[in-house]
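# Notes for the structure review
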Amino acid sequence: MISIRDLSYRFPGRTVEALREINLEIAPGEFVVVSGPSGCGKSTLALALTGALFRQYDGEARGTVHVDGLDTRACPLYDVADVVGLVQQNPESQFCTLTVQDEVAFGLENRRMPPAEMAPRIAWALQIVGAAHLVDRPLAALSGGEKQKVAIAAVMAAKPKVLVFDEPTSNLDPSATAEIFDTIAHIRAKAAITVIVIEHKLHHLLRFGPRLVRMAAGRIVADGAAQAADGASPWAGRPAAPRPVPGGPPLVQVEGLHVGHNGRPVLRDLSVQIHSGEFVAVMGDNGTGKSTFLLALLGLLKPAQGRVAVAGQDTRRTPASRLARQTAFVFQNPDHQLFADSVWGEAAFAPRNLGLLDAGTTQWLRDALARGGLAGREEEHPHRLSYGEKRRLNMVSVLGIRPRLLLLDEILIGQDPANAALLMDMVAAEVQQGGAAVMVTHDPDVVRAYASRVLFFAGGAIAIDAPPADAFPALAAAGRRPYLPVDWPAEEAPR
Amino acid sequence: MKPRLTYQPGTSFLHTMHPLVKLAWLLFLTVAAFAVPSPWLVLGIAGLTLALFPLCGLRLGGLRGLRLLAGTALLLALLQVLFQRQGAELFRLGPLAPTTGGLSAGAYVGGRFLAVVLCSYLFVLTTDPADLAYALMRAGLPYRFGFALVTALRLVTVFEQEGQTVYRAQLARGVQYDVRSPRRLLTLARQFLLPLLISALGKVDGLAVSMEGRCFGKYPTRTFMKEAPFTRFDGLAAGLLLLAAAATVTYLVVV
């Protein structure tokens with residue numbers, strides 16, 4: 001079905017090849033997982049399969065790519081599109097219309113399918129991804145998991161022979177992630193189709209008995225049947241980070257907090273205290289108020305009722321710019337928080353704004369850049385960095401103010417295990433030195449390795465507040481299997 | 001919080017009217033407000049439009065920008081009343097001497113402004129922009145232009161949310177929105193827009209792959225799944241529009 005011979009590709013303006021002498025043969029109906037660290041060329045390979053790589057970027061290519069006999073380097077993109085469907089990471093980036101029905105119909109309308117034939121095809125595509133009930137909904141009203149299902153249905157509607165998923169669950173919570181992998185399983189069962197999944201979360205995919213292709217630095221470095229060990233958590237076997245004993249007066253006091261976001265109530269009557277030395281993991285389904293909670297702690301959302309105080313400062317009466325002197329916030333998307341023209345300018349951005357850029361801070365920032373693997377790159381533009389490097393720069397930049405409270409909103413999205421470990425070690429070091437961290441995360445293995453406390457949100461309230469050793473059994477008892485560590489045995493769930 | 005000046009879903013007769021018939025009415029009323037020489041007719045158009053708001057389930061008090069609209073209309077009218085010298089003098093107050101001509105011109109200019117803006121408000125609030133785009137494409141607008149509109153509509157909300165995130169990320173790192181000089185304003189604008197621009201470029205790439213990967217642009221024309229039925233009511237509204245247009249032209253010729 002797929003034959004790639006000696007494929008190399010270099011993006012315009014880059015000196016290093018994104019793909020290097022790739023050779024890959026995939027038979028019809030095969031299930032292939034492509035894995036590897038960030039920037040290793042996985043997504044570039046996906047674009048090569050669809051032909052988009054050779055049409056949208058004016059790069060330098062060598063070698064051949066054939067899918068179902070079509071040469072994707074030479075064929076019009078539309079002809080390849082009849083054979084290969086690509087589901088991208090973020091459904092928001094691939095929607096072309098405003099409603100579910102229009103989105104699934106989009107590709108069919110472009111192929112000039114008569115309207116009478118479209119209705120049953122749309123119904124079939126939505127049914128195969130378990131989203132038939134969403135047909136009349138606007139896309140903006142869907143959850144993240146529902147959006148990704150609709151994105152899959154929109155591609156499936158054309159009945160491609162090859163379906164490529166590029167990290168389809170990177171923006172989803174564990175429940176939605178499990179649903180998407182169930183959907184892929186269902187598609188495999190119902191449609192004779194070749195499936196290629198680019199994914200870090202290998203444990204979810206082992207049940208398919210996939211062929212595993214590992215990439216590194218643009219090359220295929222391993223290719224064979226996936227083994228049980230491939231699904232092990234990258235955090236397994238790491239010594240647990242030391243947990244300092246929390247002490248002193250509460251650093252964060254939240255009392256009877258009600259707060260809304262975008263005009264709707266989100267958190268209801270929430271009370272919690274956090275002390276210095278605590279590493280708090282905030283978990284829960286998307287939309288349950290986790291990010292809203294973080295925004296409220298920095299005073300970026302004001303309480304409708306109740307009170308939030310950080311280091312004794314009431315967020316209702318203290319401007320965010322003053323709260324920012326001791327509370328740092330790292331947002332989900334690295335690109336949304338790079339403002340300066342150079343790596344050094346970015347690192348020093350917050351200390352300079354807050355009048356804290358003295359000789360000591362300057363030296364601290366230089367050391368932190370070195371620890372983050374960014375030494376010698378101070379004059380580069382931040383947007384020239386890789387995704388992982390940008391995230392490390394975000395972290396250095398907020399830590400430069402020496403915050404007492406660190407707020408982290410899903411900072412591990414799109415990060416490979418090595419980079420994630422580097423980031424987590426930076427956070428753990430801050431907690432060791434007397435700070436406190438509150439981190440929204442969907443990775444239970446990270447929580448087990450680093451956190452001293454879990455706050456599990458459900459319906460705008462804290463459903464579980466316990467150390468990980470107690471929180472995971474409670475989650476198991478509540479039937480929240482996707483929120484348990486990879487190696488959590490089902491029988492450990494208390495009855 | 002007052003709702004934004006965007007489509008408000010509803011089931012009124014204007015909500016269900018064919019978007020192109022509604023668009024034709026909007027164009028007619030806008031042209032008529034400028035063409036008819038009588039201030040009373042212009043005020044009549046504005047008044048009639050105003051009366052349609054409650055009939056469409058729209059609360060005037062809930063509209064954003066209503067005060068600005070009323071204030072601007074009043075200011076435009078007042079300027080004419082104070083400085084237009086034609087006609088008989090009504091009274092004198094120091095250097096100010098309002099005239100009948102000024103009063104008429106004030107009603108005309110203020111009424112014209114109100115009529116055009118209120119008609120546009122009503123159109124925007126009762127028309128799903130996606131329905132309008134699809135109707136225009138079915139009526140012959142090249143679909144590449146139509147989808148430029150649909151994509152823009154979708155991305156507006158995405159960029160609105162991203163702009164909010166960038167703003168918050170800046171506040172969290174001590175940025176103070178104090179505009180002390182044009183240079184400071186430029187720096188703030190650049191720091192705010194750069195992340196949005198980078199994000200937009202990434203989205204354009206993703207969207208292009210998604211659209212072409214689903215054969216957008218393969219043929220010069222395309223089919224459409226959804227029907228846009230032209231109902232008997234739409235026919236009636238179109239007929240009334242023709243009558244109104246004919247009556248207006250006749251009036252203009254006779255007067």
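Below: a short report on this structure. (Residues numbered from 1 in each chain as written. Chains lettered and ligands numbered in written order. Predicted model: local features only at pLDDT ≥ 70, side-chain atom pairs only at ≥ 80, totals over all residues.)

Here the focus is the overall build of chain B. Secondary structure assignment for chain B yields nine helices and zero strands. When its helices and strands are written in sequence order, chain B yields α-α-α-α-α-α-α-α-α. In summary, chain B has a C-alpha radius of gyration of 24 Å against a globular reference of 18 Å for 255 residues, an excess of more than 25%. In terms of overall dimensions, chain B has C-alpha extents of about 70 × 60 × 30 Å along its principal axes. A burial count over chain B gives 27% of its 255 residues as buried. Excluding contacts between residues fewer than 6 apart, the proportion of contacts in chain B whose partners are at least 24 apart in sequence is 74%. (Helix = DSSP H or I, 4+ residues; strand = E, 2+ residues; numbered from the N terminus. Rg over C-alpha atoms; globule rule 2.2 N^0.38 Å. Buried ≥ 20, exposed ≤ 12 C-beta atoms within 10 Å, placed from the backbone. Contact = placed C-beta atoms within 7 Å.)

Residues and elements named next belong to chain A. Val282, Leu297, Leu298, Leu407, Ala437 and Val438 are the most contacted members of the largest nonpolar core, which totals 90 residues. A total of six residues in this core trace back to one element, the largest contributor, which is helix 14 (residues 417-432). Leu7, Leu19, Met156 and Ile220 belong to the second largest nonpolar core, which has 87 residues in total. (Core = buried A, V, L, I, M, F, W, Y, C linked by C-beta atoms within 7 Å.)

In this section: the interface of chain A and chain B. Listed as interface residues are 51 residues of chain A and, on the opposing side, 45 residues of chain B. For the side of chain A that touches chain B, the secondary-structure elements that each account for two or more residues are helix 1 (42-50), helix 2 (52-56), helix 3 (77-81), helix 4 (100-110), helix 5 (115-128), helix 9 (320-323) and helix 11 (349-353) of chain A. Considering every element that reaches the side of chain A that touches chain B, the biggest residue donor is helix 4 of chain A, with six residues. Tallied by class, the residues present in the side of chain A that touches chain B amount to 31 nonpolar, 15 polar and five charged. (Nonpolar A, V, L, I, M, F, W, Y, C, P; charged D, E, K, R; others polar.)

Residues and elements named next belong to chain B. As a packed pair, helix 3 (residues 39-55) and helix 5 (residues 100-126) sit with axes 8 Å apart at the nearest point and diverge in direction by 30°. Our classification of the angle between helix 3 and helix 5 gives roughly parallel. Along this stretch, helix 3 crosses helix 5, giving a crossing that reads as left-handed. Side by side, helix 3 and helix 5 meet where Pro39, Val42, Leu43, Ile45, Ala46, Thr49, Leu50, Leu52 and Phe53 of the first sit next to Ser104, Ala107, Tyr108, Gly111, Arg112, Leu114, Ala115, Leu118, Cys119 and Leu122 of the second. Within the contact of helix 3 with helix 5, the residues separate by chemical class into 15 nonpolar, three polar and one charged. (Axes fitted to C-alpha atoms, helices over the stretch in contact; angles between N-to-C directions. Parallel < 35°, antiparallel > 145°, perpendicular 65-115°, else oblique. Left-handed = near helix turned anticlockwise from the far one by under 90°.)

All names here are of chain A. Pairing between strand 11 (residues 247-261) and strand 14 (residues 305-310): five bridges, direction antiparallel. Following the sheet pairing, Glu255 is matched in strand 14 by Arg307. Inspection of the sheet shows strand 14 paired to strand 15 (residues 313-314) by two bridges, in the antiparallel sense. Within the sheet, the bridge partner assigned to Val310 lies in strand 15 and is Gln313. Taking the residues that link successive antiparallel strands as the turn, the strand 14-strand 15 hairpin has two residues, and the phi of Ala311 there is positive, at about 50°. (Pairing = 2+ DSSP bridges.)

Turning our eyes to something else, we now look at the packing of helix 6 (residues 144-156) of chain A against helix 7 (residues 174-190) of chain A. Residues and elements named next belong to chain A. Here helix 6 crosses helix 7 at 20°, and the two axes come no closer than 9 Å. Classed by the angle they form, the pair helix 6 and helix 7 counts as roughly parallel. Judged by the twist between their axes, the crossing of helix 6 over helix 7 is right-handed. Residues Gly144, Gly145, Gln148, Lys149, Ile152 and Met156 of helix 6 lie in contact with helix 7, whose contacting residues are Ala176, Glu179, Ile180, Thr183 and Ile187.

A separate point is helix 16 (residues 468-477) of chain A. All names here are of chain A. The complete set of buried residues in helix 16 reads Pro468, Ala471, Phe472 and Leu475. Projected down its long axis, helix 16 carries its buried residues within an arc of 95°, all on one side. More than 90 degrees from the buried face of helix 16, the exposed residues found are Ala469 and Ala477. Residues of helix 16 that are buried in the fold lie against helix 15 (444-450), strand 19 (453-458) and strand 20 (461-466). In the segment just after helix 16, Gly479 is the residue with positive phi, at about 75°. (Arc of directions from axis to C-beta.)

On to the sheet that holds strand 20 of chain A, then. All names here are of chain A. Taken together, the six strands give an open sheet; going across it, the order is 16-17-18-13-19-20, and neighbouring strands pair in mixed fashion. The strands lining the two open edges of the sheet, one partner per strand, are strand 16 (327-330) and strand 20. Direction aside, neighbouring strands of the sheet carry axes that sit 15° apart on average. As defined by bridge partners, strand 19 adjoins strand 20 across five bridges and the pair is classed as antiparallel.

For the rest of this paragraph, the subject is the sheet that holds strand 2 (residues 19-26) of chain A. What links the strands of a sheet is backbone hydrogen bonding, and the strands pair in either a parallel or an antiparallel sense. Residues and elements named next belong to chain A. Across the sheet, which stays open at both edges, the four strands sit in the order 2-1-4-5 with antiparallel pairing between neighbours. Sheet topology places strand 2 and strand 5 (70-71) at the edges, where each strand pairs with a single neighbour. Two elements, strand 1 (residues 2-10) and strand 4 (residues 60-67), share seven bridges in a ladder whose sense is antiparallel. Looking across to strand 4, one finds that Arg10 is bridged to Glu60.

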